[in-house]
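Fold and contact review
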Amino acid sequence: MSILSSLTTSDEVQGETDNFGMGGPLDSNTYNGVVTMAYVSKAKSGAIGVNIVMSTSAGREFKTTLWVQSGNAKGNLNYYTRDNKKVYLIDFIVFESLCLLTLGVKGSEAETEDKVIKIWDYKTGKEEPTTVPVIVDLIGKEAIFGIVKKIVSKNTLVGDSWVNTGETKEENRVTKIFRASDNKTVPEITNQAEEATAITAWLKKFEGTVKDESIKLDASATQSAAFSGAAAGAATAKPTSSIFGGA
């Protein structure tokens, strides 16, 4: 009998697969995906984030947090001021677009329900059942996500602040949402564009790119990382109809 005879095989145990490159950040590209979870969280800084979990058409799970409202230090706003002009934060625009293109409503009109789901707890180092506001209507909705791969600084939590370690990592960021049915963006629908051209322009600019947004530190420097994000005030009433459709 061979010394290797204990290495038995069974159909009940997963064997070799031909799935390559399924881990790590996604390459910069557009991805058809279905939202599998959407919930709201609040950081100690006061910033509000919308956490989106999406499954791509290729079966990859993608998670991101859209910081739709800034923290207390920046006024708890969904915009910033540049050259005396108010500009919406990109994460707020992405969330607004996702809601308009899938539900036909603004982000402020997306209703939430408190539900218990498992969320990673940094204190215990594992997922813990947690009650959070879930955007139930987004679950199961399909959209096209414009996702960019970036190099960013690694931060570590020191007290209540995130501090730059001087190391880097790759991560993804959603910068654009397109409607699944026709590839159109919110501006294209608003302007009644006959064809979807923004997605082609987005791909020309971002497909396959990696953007370095890391902050370089000298030996004595430290950098606190602040959560970005912002959110507008909630609307008081739902529209009776929308040019975006929605389910």
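Described below are features of the structure shown in this document.

Looking only at helices and strands, the protein chain features three helices and 11 strands. Going residue by residue from the N terminus, the α and β elements of the protein chain occur as β-β-β-β-β-α-β-β-β-β-α-α-β-β. Counting all 247 residues of the protein chain, 34% fall into the buried class. On the protein chain, roughly 15,500 Å² of surface is accessible, and the fraction owed to carbon and sulfur atoms is 50%.

Okay, the pairing of strand 9 (residues 161-179) next. Regular strands show a simple pattern: their side chains alternate between the two faces of the sheet. Both strand 8 (residues 142-158) and strand 9 contribute to a ladder of 15 bridges, which runs antiparallel. Opposite asparagine 155, over in strand 9, you have asparagine 164 as the bridge partner. Between the antiparallel neighbours strand 8 and strand 9 lie two residues, among them glycine 159 with a positive phi of about 65°.

Looking now at helix 1 (residues 90-102). An ideal rise of 1.5 Å per residue puts 18 Å on 13 residues; helix 1 measures up with 18 Å between its terminal C-alpha atoms. Of all 13 residues in helix 1, 11 are buried, a share of seventy percent or more. Among the residues making up helix 1, those that are buried are Asp91, Phe92, Val94, Phe95, Glu96, Ser97, Leu98, Cys99, Leu100, Leu101 and Thr102. Packed against the buried residues of helix 1 are strand 2 (48-56), strand 3 (61-69), strand 5 (85-88), strand 8, strand 9 and helix 2 (186-190). Following helix 1 by one or two positions, glycine 104 has its phi on the positive side, about 75°.

Glancing now at a nonpolar patch on the surface. Judged by side-chain polarity, Tyr88, Ile90 and Ile93 come together as a nonpolar surface patch covering roughly 260 Å² of accessible area. Residue placement: isoleucine 93 occurs in helix 1. Isoleucine 93 sits in the partly exposed class, given a relative accessible area of 37%.

Bringing the pairing of strand 4 (residues 79-82) into the picture now. Note: strand 4 against strand 5, four bridges, orientation antiparallel. Its bridge partner being in strand 5, arginine 82 is matched across the sheet by lysine 85. Taking the residues that link successive antiparallel strands as the turn, the strand 4-strand 5 hairpin has two residues, and the phi of aspartate 83 there is positive, at about 55°.

With respect to the helices and strands, the residue glycine 49 is situated in strand 2. Owing to a relative accessible area of 0%, glycine 49 belongs among the buried residues under this scheme. When the C-alpha atoms of glycine 49 and threonine 64 are compared, they prove to be 9.6 Å apart, with 15 residues separating the residues in sequence. When neighbours within four sequence positions are excluded, glycine 49 is seen to be in contact with Tyr39, Val40, Ser41, Thr65, Leu66, Trp67 and Val68.

Attention now goes to the environment of serine 97. Tracing the backbone shows serine 97 in helix 1. By relative accessible area, which is 12% here, serine 97 ends up buried. Spatially, the C-alpha atoms of serine 97 and proline 187 are 9.5 Å apart, while their sequence positions differ by 90 residues. Discounting chain neighbours no more than four positions away, the residues touching serine 97 are Ile177 and Val186.

Turning our attention to the pattern of salt bridges. Pairing between side chains becomes possible if they bear opposite charge and their charged atoms approach one another. Counted by the stated rule, this structure contains 10 salt bridges. Note that lysine 149 is salt-bridged to aspartate 27, the shortest N-O span being 3.0 Å. Taken as a pair, lysine 149 in strand 8 and aspartate 27 in the segment before strand 1 (29-42) lie far apart in primary sequence, 122 residues in all. Classification of lysine 149 as buried rests on a relative accessible area of 10%. With a closest N to O distance of 3.7 Å, lysine 211 and glutamate 213 form a salt bridge. In this structure lysine 211 comes out as partly exposed when scored by relative accessible area, which is 48%. Salt bridges sharing common partners tie together Asp27, Lys149 and Glu170.

What counts and what doesn't
Residues numbered from 1 in each chain as written. Predicted model: local features only at pLDDT ≥ 70, side-chain atom pairs only at ≥ 80, totals over all residues. Heavy atoms only, no water. Helix = DSSP H or I, 4+ residues; strand = E, 2+ residues; numbered from the N terminus. Buried < 20%, exposed > 50% of the residue type's maximum accessible area, 1.4 Å probe, protein only. Areas by Shrake-Rupley, 256 points an atom, 1.4 Å probe, with all protein chains shown as cover. Pairing = 2+ DSSP bridges. Expected span 1.5 Å × (residues − 1). Contact = heavy atoms within 4.5 Å. Patch = residues over 30% accessible without salt bridge, like charges linked within 9 Å, V, L, I, M, F, W, Y side chains within 5 Å. Salt bridge = Lys/Arg side-chain N within 4 Å of Asp/Glu carboxyl O.

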